[in-house]
Structure formats: C-alpha cells, structure tokens
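# Secondary and tertiary structure notes
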Amino acid sequence: TTYNIKSEISNIIIDSSCSFTANTNYAGAIVAITNYTDIINCHNMGATVIATTSYAGGIVAQAGAGSTISGCTSKANVTSNWYAGGIAGLVSYATMTNNLVGMGLEEDETITINCSNGGGAIVSNINNVSGSDNFYNGMAVILNSKNTTYQGQGYAYWRSDNDFLKSATGGY
C-alpha cells in the first residue's frame, strides 16, 4: 500500500548571509527533494545555492508529484551543472502559482543562474506542470547556459517562456 500524505512548508525567510551547497545533487534553500508537499510563502532573500552535479533551486531543488509551489520569491544566485533555476531545478507533476524571481532588486543589482546544461530564470525543467502568474525580472536575472548569456525575456525554463512562466514587463 502506498500512502500519499500531504505536507506543508510555509512562511520561511532565508536571508542573504546563508549559503547552501550539495557536493553532488539536490541543493535548495528551503528543501532539497519533495513529493506531495505544498511550499507556500517561502522567500530566499539572496542566499547562494550550489549543487556541484545537478538540481539546484533558490527555493527547492526538485519538486515532484502532488507538490505545489505558491507565493514564493527568490533573489538567489544559483549554480549547478544540470537543472538550476531561481525557484526550482526540476518540477514535475506539480503546480506553480504566483512565484517571483529577481523582483524588488535595486536598479544596478542582478542575480545569476549558472547552468552548463539547461537552466532557467524560474525553473530549469518542467514535466506535466500547471500554474499561473510566475514571473522573473528580465532586467535583473541573468542566465548563463551553454556558453550563452540570456537577459531580458525568453528563458523562464529551459531557455523559453510559456503562458504561466514568463518575464515580467517593465523591468525594474
């Protein structure tokens, strides 16, 4: 018998003096790996997140089946060889709503997502994900991926935008 018990992680603030490093996989400022978990109103105010191999996210490294990421914000610098994103490295069979990356920065401030393979301002890769109103500041969030630097729009996830993962208009 399999039991899918729903959990909640909410109202956590991580400040910029913190850093999170995984010597291989799964680095997230709030949680590394989750299934059937609601991550609500959690905020990374500038902590650095690094996974030396794969899966790094400003909030969660990998959010899986039955999970929801909602009302979260990130100003994190995130680095991984595979799957690095401002909110999450990988999200599958889950929901993302009302999440923001790089908002509220000063005009000359930037945050950087470094990912040798893929990468995204909000999430690196998605699989069967639904949601709405997830935005990144295209003027302040820089994605370095496959020897190319992206800034502006078109790189919310895996170097593209869609109807619920996109650049906010108006820049700062």
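Up top is the structure these notes are about.
Now for a look at the structure at hand. (Residues numbered from 1 in each chain as written. Predicted model: local features only at pLDDT ≥ 70, side-chain atom pairs only at ≥ 80, totals over all residues. Heavy atoms only, no water.)

The next point concerns the overall build of the chain. In terms of regular secondary structure, the chain is built from 0 helices and 22 strands. For the chain, the C-alpha radius of gyration of 14 Å lies close to 16 Å, the compact-globule estimate for 172 residues. Across its three principal axes, the chain shows a C-alpha extent of roughly 50 × 35 × 30 Å. Looking at the 172 residues of the chain, the share that counts as buried comes to 49%. Counted over contacts in the chain with a minimum sequence separation of 6, partners at least 24 positions apart contribute 78%. Surface accessibility of the chain: about 7,500 Å² in total, with carbon and sulfur atoms responsible for 45%. In the chain, which carries 5 positive and 10 negative side-chain charges, the distance between the mean positions of the two groups comes to 11 Å. (Helix = DSSP H or I, 4+ residues; strand = E, 2+ residues; numbered from the N terminus. Rg over C-alpha atoms; globule rule 2.2 N^0.38 Å. Buried < 20%, exposed > 50% of the residue type's maximum accessible area, 1.4 Å probe, protein only. Contact = heavy atoms within 4.5 Å. Areas by Shrake-Rupley, 256 points an atom, 1.4 Å probe, with all protein chains shown as cover. Lys, Arg positive; Asp, Glu negative; His and termini not counted. Charge placed at Lys NZ, Arg CZ, Asp CG, Glu CD.)

Before going further, it helps to spend a moment on unusual backbone geometry. Positive phi, normally seen in glycine, also occurs at Tyr93, with a value near 50°. Turning to its location among the elements, Tyr93 is positioned in the loop between β13 (88-92) and β14 (95-97). Despite not being glycine, Asn128 has its phi angle at roughly 55°, a positive value. Tracing the chain through its elements places Asn128 in the loop between β17 (123-127) and β18 (130-132).

The subject of this paragraph is the pattern of salt bridges. Taken as a whole, this structure holds 1 salt bridge when the rule is applied. Close ionic contact of Asp38 with Lys6 constitutes a salt bridge, the shortest N to O distance being 3.1 Å. One end of the pair, Asp38, is in strand β6 (residues 37-40); the other, Lys6, is in the segment before β1 (7-10), and 32 residues separate them in sequence. Lys6 gets classed as partly exposed once you look at its relative accessible area, which sits at 43%. (Salt bridge = Lys/Arg side-chain N within 4 Å of Asp/Glu carboxyl O.)

Another point: the sheet that holds strand β5 (residues 31-34). Strand order in the open sheet formed by 4 strands is β5-β9-β13-β17, and the pairing between neighbours is parallel. The sheet is open, and its two edges are formed by β5 and β17, each paired on a single side. If you compare each strand with its neighbour and ignore which way they point, the axes differ by 10° on average. Looking at chain direction, strand β9 (residues 60-63) and β13 are connected through 3 bridges and run parallel. Bridge pairing in β13 links Val60 to Ala88. (Pairing = 2+ DSSP bridges. Axes fitted to C-alpha atoms, helices over the stretch in contact; angles between N-to-C directions.)

This part covers the sheet that holds β6. Within the open sheet, the 5 strands sit side by side as β1-β6-β10-β14-β18. Their pairing is parallel. One side of each edge strand has no neighbouring strand; the edge strands of this open sheet are β1 and β18. Taking each pair of neighbouring strands and ignoring which way they run, the sheet shows an average axis angle of 10°. Bridge count between β14 and β18: 3 bridges; the pairing is parallel. Bridging across to β18, Met96 finds its partner in Gly131.

Right, let's talk about the packing of aromatic side chains for a bit. One pass over the full model with this rule turns up 5 aromatic pairs. Ring geometry for Tyr26 versus Tyr55: centroids 4.8 Å apart, planes at 10°, classification stacked. You can see Tyr26 sitting in strand β4 (residues 25-28) and its partner Tyr55 sitting in strand β8 (residues 48-57), a full 29 residues away along the chain. On the accessibility criterion, Tyr26 (28% relative accessible area) is partly exposed. Here the aromatic residues Tyr26, Tyr55, Trp82 and Tyr83 are joined through ring pairs into a cluster of three or more. (Phe/Tyr/Trp six-rings, centres within 6.5 Å; stacked < 30°, edge-to-face > 60°.)

Summarising the element assignment, Ala47 is placed in the loop between β7 (43-44) and β8. What makes Ala47 buried here is its relative accessible area of 0%. The spacing of Ala47 and Asp15 is 32 residues in sequence and 6.0 Å in space, taken between C-alpha atoms. Sequence-distant contacts of Ala47, defined by excluding residues within four places in its chain, comprise Ile14, Asp15, Ser16, Cys18, Phe20, Ala76 and Asn77.

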